[in-house]
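A structural walkthrough
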Amino acid sequence: MTEPLLEVENVDITYRMDSEDVHAVTNASFEIGANEYFGLVGESGCGKSTLAKSVIKGLDSNGEVSAGTIRYKGREIQDLSEKEYNKEIRWKEISVIPQAAMNSLNPLAKLSDQAIEIANVHTDWSAEKSVDRLKELFDIVGLPESRVTDYPHQFSGGMKQRAIIAMSLLLNPSLIIADEPTTALDVIMQDQFLKHIDGLRDERDLALLLITHDIAVVFETCDSMAVMHGGQIAEKGTTKEIFSTPRHPYTILLQQSFPDARHPDRELEVIEGSPPALREEVDYCTFASRCPWAEQECQESLPPIESMNGNDSHAVSCFRSDEMESLASEHLNTIGRPQANAIENEGYEDDD
Amino acid sequence: MTTNNETEPILELRNVEKHFEQSTNIAETLRQTFFGEGAQEPVRAVDGVNLELAENQVHGIIGESGCGKSTLLLTLMGEHEPTGGEILYNGQPISEFDKADWKALRRKIQVIFQDPFNTMNPHFTVRETLKEPFKIHGIETDEEELLDMLETVRLTPAEEYIDRRESQLSGGEKQRVSIARALILEPDVVLADEPVSMLDVSTQASILKLLSELTEEYDVAMFYVSHDLSTVSYVCDEVNVMYLGRIVESAPTRKILSDPKHPYTQALINAIPVPDPFHDRSWTELDGTPGDPQNLPSGCRFKDRCPERMDVCDQQPAFEVHDEETTHQVACHLYDEQPVGDSPIGVNKTGVSES
Ligand SMILES: Nc1ncnc2c1ncn2[C@@H]1O[C@H](COP(=O)(O)OP(=O)(O)OP(=O)(O)O)[C@@H](O)[C@H]1O
Ligand SMILES: Nc1ncnc2c1ncn2[C@@H]1O[C@H](COP(=O)(O)OP(=O)(O)OP(=O)(O)O)[C@@H](O)[C@H]1O
Ligand code: SF4
Ligand SMILES: [Mg+2]
Ligand SMILES: [Mg+2]
């Protein structure tokens, strides 16, 4: 593999509190390659936004990257000052589609003026060039070019979203980070948004970090993914690997807690318990208190992240990952996933 | 108020309308100001809705953004006065309620609001947020009760959460606080506006289960509003699909999922992401903009986006029972019994002409 675009390596993130600190992320590592669409999933509070914010210098003032490195195109960025980051990386290299995306546009300024403003801060482009660029991008996301001079409120919700995608592409970044971009949208708008995001793959060299609690969205849109639990990366791999051969207990149970419109009658698994409060240094598996297969060891030390079957892409952070296939066989069987050999067979079709 | 009688629905909507005279849409207002356009048509956010909710029943109201779901709920809880039709609570028209009736009603009907980011007062701790309903209704409470409620919505250990403020909670944690707040007075009816849309799915599953257990346990009836058909089977007995202010399809949950009739319902189901990277679902073909409730087309309101559109769709389709056995109702000309030309039956199949 060529050099990854973004490398997050053994990162810890801590929020300083008056009483006890919150160890929101522990020993997180993942990589995103150029042009790769990467999904980060996990339940509420598991640290997804915290991890994403650490990449874009957006952590709350009481939060800090307390260990590890974050490299973008080979360069360490976790210690950049905000000023350096703004100057060299924001918009140009990494841009963000924020959580409440629909409200992220300035309601008082024309979109063209917002584009001029952004370009003005980060580049030496002329106003004309900025607007031309926005027009091109409007075309790509399926908005009429003539509407670049509209105010955001003149757009419907779906159009606003596309305008935000266009804006995020303005300075031709190599990576877009989208934190729950579709959570507030209805299914049809979500589907349109994903259709446009998916369409961009053919248009340009772009990588995506897509953060969501919706594993289905990641399975449909992304090449690779990581599953987080309690501030730890439980498992990562290609979406097909995670789907077909999940080996972390959380991933296995998570998949079964998912409604699948194709099987409305399937009983949903509820993952009992809740993740630990993370008030002390985390030196244990944060899933241990909820895990049906936990052993003494799981409470006592941090499980290392190990690759599966000598496979580079697929890695699991669980002491018992080698045994999971048989330990969790009951759970694995009911999902009706294709057998491992189906992965190689590209012609696989769901014949449900 | 009269007491509830077994057969009577606890909440009944008869042809309820909520039209807004003045648009709050800034674009519209600007257009009026700058281009001197005349008076606007009213925004017909809710336009003739009939529903019945019996004790212990959970009805889903499903539809895309802007179709009028929240407006309908706000009308039910008395925030908006209906501009037409009648709402009955335990058989009593609420238009005849006096002040005391309203106060009692506001305790008996509780709402779980859509947006957890704006539900909680940022200056309040979780404790203060949960105490507020007691204060409003002048009821005593103790710490124990608050902690129990937090445990019920799985904010555990409750002691960890009770002193936190909004900024110290993740999105999903906030949503659970607003669910706790709505349930803490043990209401008769819960109006849940997208109660789980911000939660991750494993938490979703447990909250849905919890909501459905609570409706059983405390005889709580619920209107469950969502844009997402994939969660309804876990809570709802019946599903009503809403499009531009009207119910276009209604059936028992399983029936609607396995056999959707209305092209819009079909699109809603097709747009649900499938949790399987091997499955090749095609992206939605529906055009993004739902119609504008201020400029409603005549006839079927879905016609401009409908892949099945026919000439007859310029007339309003009647909302009819499609399947006697399951009370599956649908408003779509595809299900007119005879191919419609100028035949009198065809004309009969259409409802009253659009006003
Ligand atoms: N500024 C802060 N101070 C203290 N704790 C914080 C702060 N911000 C977040 N946390 C805590 O850190 C943990 C991770 O939060 P984060 O927002 O990253 O979760 P998330 O995975 O994005 O969740 P969601 O899906 O609900 O958005 C949570 O337990 C949260 O309560
Ligand atoms: N106070 C108001 N004045 C004028 N128009 C309004 C008002 N409140 C809502 N509307 C309009 O009524 C229509 C229905 O809005 P509503 O909020 O009920 O939709 P919704 O189905 O809840 O959508 P969402 O899924 O986005 O929450 C929209 O076109 C909206 O702009
Ligand atoms: S490390 Fe132990 S507790 Fe953690 S998931 Fe694996 S088996 Fe369960
Ligand atoms: Mg988040
Ligand atoms: Mg709403």
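For the structure, see preceding data.
Position numbers for residues start from 1 in each chain and track the written sequence from start to end. As they are written, the chains are lettered A onward and the ligands numbered 1 onward, keeping that order. Only residues with pLDDT of 70 or above have their local features reported here, since the model is predicted, and side-chain atom pairs are shown and tallied only from 80 upward, although totals for entire chains, interfaces and linings are computed over all residues. Side-chain figures throughout are based on the complete set of non-hydrogen atoms in the structure, without hydrogens or water.

Observations regarding the overall build of chain A
Worth spelling out the cut-off: Helix and strand definitions follow DSSP, with helices as H or I runs of at least four residues and strands as E runs of at least two, each counted in order from the N terminus. Put simply, the radius of gyration uses C-alpha atoms, and a globule should come to 2.2 Å times the residue count raised to 0.38. Working definition: with a 1.4 Å probe on protein chains only, accessible area under 20% of the residue-type maximum means buried, over 50% means exposed, and in between means partly exposed. Method for areas: the Shrake-Rupley scheme with a 1.4 Å probe, in which residue coverage is limited to the protein chains shown.
In terms of helices and strands, chain A carries 13 helices and 12 strands. Here chain A has a C-alpha radius of gyration of 21 Å; the compact-globule value for 352 residues is 20 Å, and the two agree. Here the C-alpha coordinates of chain A stretch approximately 65 × 50 × 35 Å along the principal axes. Taken across its 352 residues, chain A has 57% of its residues classed as buried. Looking at chain A as shown, the accessible area adds up to about 14700 Å², and 43% of this sits on carbon and sulfur atoms.

Quick notes on the interface of chain B and chain A
The condition that has to hold: Contacts: residue pairs with any heavy atoms within 4.5 Å of one another. Here the buried area means the combined drop in accessible surface, using a 1.4 Å probe, for two parts upon being joined, counting both sides. Each reported salt bridge corresponds to a side-chain nitrogen of Lys or Arg within 4 Å of a carboxyl oxygen of Asp or Glu. Under the scheme applied, nonpolar residues are Ala, Val, Leu, Ile, Met, Phe, Trp, Tyr, Cys and Pro; charged residues are Asp, Glu, Lys and Arg; polar residues are all the others, including Gly.
The interface is formed by 52 residues belonging to chain B together with 54 residues belonging to chain A. When chain B packs against chain A, close to 4700 Å² is buried across both sides, 62% of that on carbon and sulfur atoms. The largest per-residue losses of area from chain B upon contact with chain A belong to P275(B), F278(B) and W283(B), which jointly make up 18% of the total buried on that side. On the surface where chain B and chain A come into contact, there are four salt bridges. Between R262(A) and D276(B) there is a salt bridge, with its nearest N and O atoms 3.5 Å apart. Contributions of two or more residues to the side of chain B that touches chain A are made by α1 (26-35), α8 (171-183), α9 (201-217), α10 (253-258) and α11 (263-270) of chain B. Counted by class, the side of chain B that touches chain A contains 21 nonpolar, 18 polar and 13 charged residues.

Examining the sheet that holds strand β11 (residues 306-307) of chain A
Residues and elements named next belong to chain A. The criterion, for reference: Pairing between strands is defined by DSSP: at least two bridges between them are needed.
Strand order in the open sheet formed by eight strands is β6-β7-β8-β3-β9-β10-β12-β11, with mixed pairing between adjacent strands. One side of each edge strand has no neighbouring strand; the edge strands of this open sheet are β6 (94-97) and β11. Pairing of β6 with strand β7 (residues 175-179), which is carried by four bridges, proceeds in the parallel orientation. In the strand pairing of β7, I97 is matched with A178.

Examining the site of ligand 3
The condition is simple: Any residue with a non-hydrogen atom lying within 4 Å of a molecule or strand is treated as near it.
Neighbouring residues of ligand 3: H248(A), P249(A), C285(A), F287(A), A288(A), C291(A), W293(A), A294(A), C298(A), C318(A), F319(A) and R320(A). Class assignment for the residues of the shell around ligand 3 results in 10 nonpolar, one polar and one charged.

Here's the deal with the environment of I97(A)
Residues and elements named next belong to chain A. Among the structural elements, I97 can be located in strand β6. Once the C-alpha coordinates of I97 and L169 are considered, the two residues, 72 residues apart in sequence, prove to be 10.0 Å apart. Each residue touching I97, except ones within four places of it in the same chain, is listed here: I164, I165, S168, I176, I177, A178, D179, P181 and F193.

Let's talk about the pairing of strand β1 (residues 6-15) of chain A
Residues and elements named next belong to chain A. Of all 10 residues in β1, eight are buried, a share of seventy percent or more. Alignment of β1 against strand β4 (residues 63-72), held across eight bridges, turns out to be antiparallel. Opposite I13, over in β4, you have V65 as the bridge partner. Taking the residues that link successive antiparallel strands as the turn, the β1-strand β2 (residues 22-32) hairpin has six residues.

Comments concerning the pairing of β4(A)
Residue and element names in this part refer to chain A. Where β4 and strand β5 (residues 75-76) come together, two bridges link them in antiparallel fashion. Looking at the pairing, R71 lines up with E76 of β5. The hairpin turn running from β4 into β5, its antiparallel successor, is two residues long, and K73 in that turn takes a positive phi close to 45 degrees.

Some remarks on the pattern of salt bridges
Considering all chains together, one arrives at 34 salt bridges over all chains under this definition. In this structure, E88(A) engages R75(A) in a salt bridge whose closest nitrogen and oxygen atoms are separated by 2.7 Å. Here the residue E88(A) occupies a position in helix α2 (residues 82-88), and R75(A) occupies one in strand β5, the gap between them amounting to 13 residues. Exposure remark for R75(A): the relative accessible area of 35% places this residue in the partly exposed category. R247(A) is the partner of E325(A) in a salt bridge, and the nearest nitrogen-oxygen pair spans 3.5 Å. With E325(A) in helix α11 (residues 324-327) and R247(A) in the loop between α8 (239-244) and α9 (249-256), the pair connects residues that are 78 residues apart, well separated along the chain. A residue is classified by how much of its surface remains accessible, and R247(A), at 11% relative accessible area, is buried. One network of salt bridges, in which partners are shared, links E20(A), R279(A), E160(B) and R164(B).

Some words on the nonpolar core
Selection rule: The criterion is simple. A nonpolar core is a set of buried Ala, Val, Leu, Ile, Met, Phe, Trp, Tyr and Cys residues joined through side-chain atoms within 4.5 Å.
One finds M222(B), Y224(B), L229(B), V235(B), V239(B), Y264(B) and L268(B) to be the most contacted residues of the largest nonpolar core, which totals 67 residues. In terms of residues, this core owes the most to one element, α9(B), which gives six residues. Formed by 64 residues, the second largest nonpolar core is a distinct cluster that contains I197(A), F219(A), M225(A) and V227(A).

Overview of the sheet that holds strand β1 (residues 11-20) of chain B
Residues and elements named next belong to chain B. Heads up, the condition is: Angles shown run from 0 to 180 degrees and are taken between the N-to-C directions of axes, each axis being a line fitted to C-alpha atoms and, for helices, limited to the stretch in contact.
Strand order in the open sheet made by the four strands is β2-β1-β4-β5, with antiparallel pairing throughout. With partners counted over all chains shown, the strands left at the sheet margins are β2 (43-53) and β5 (92-93), one partner each. Sitting on the sheet, helix α2 (residues 69-76) touches β1, β2 and β4 (84-89), and the angle it makes with β1 is about 115 degrees.

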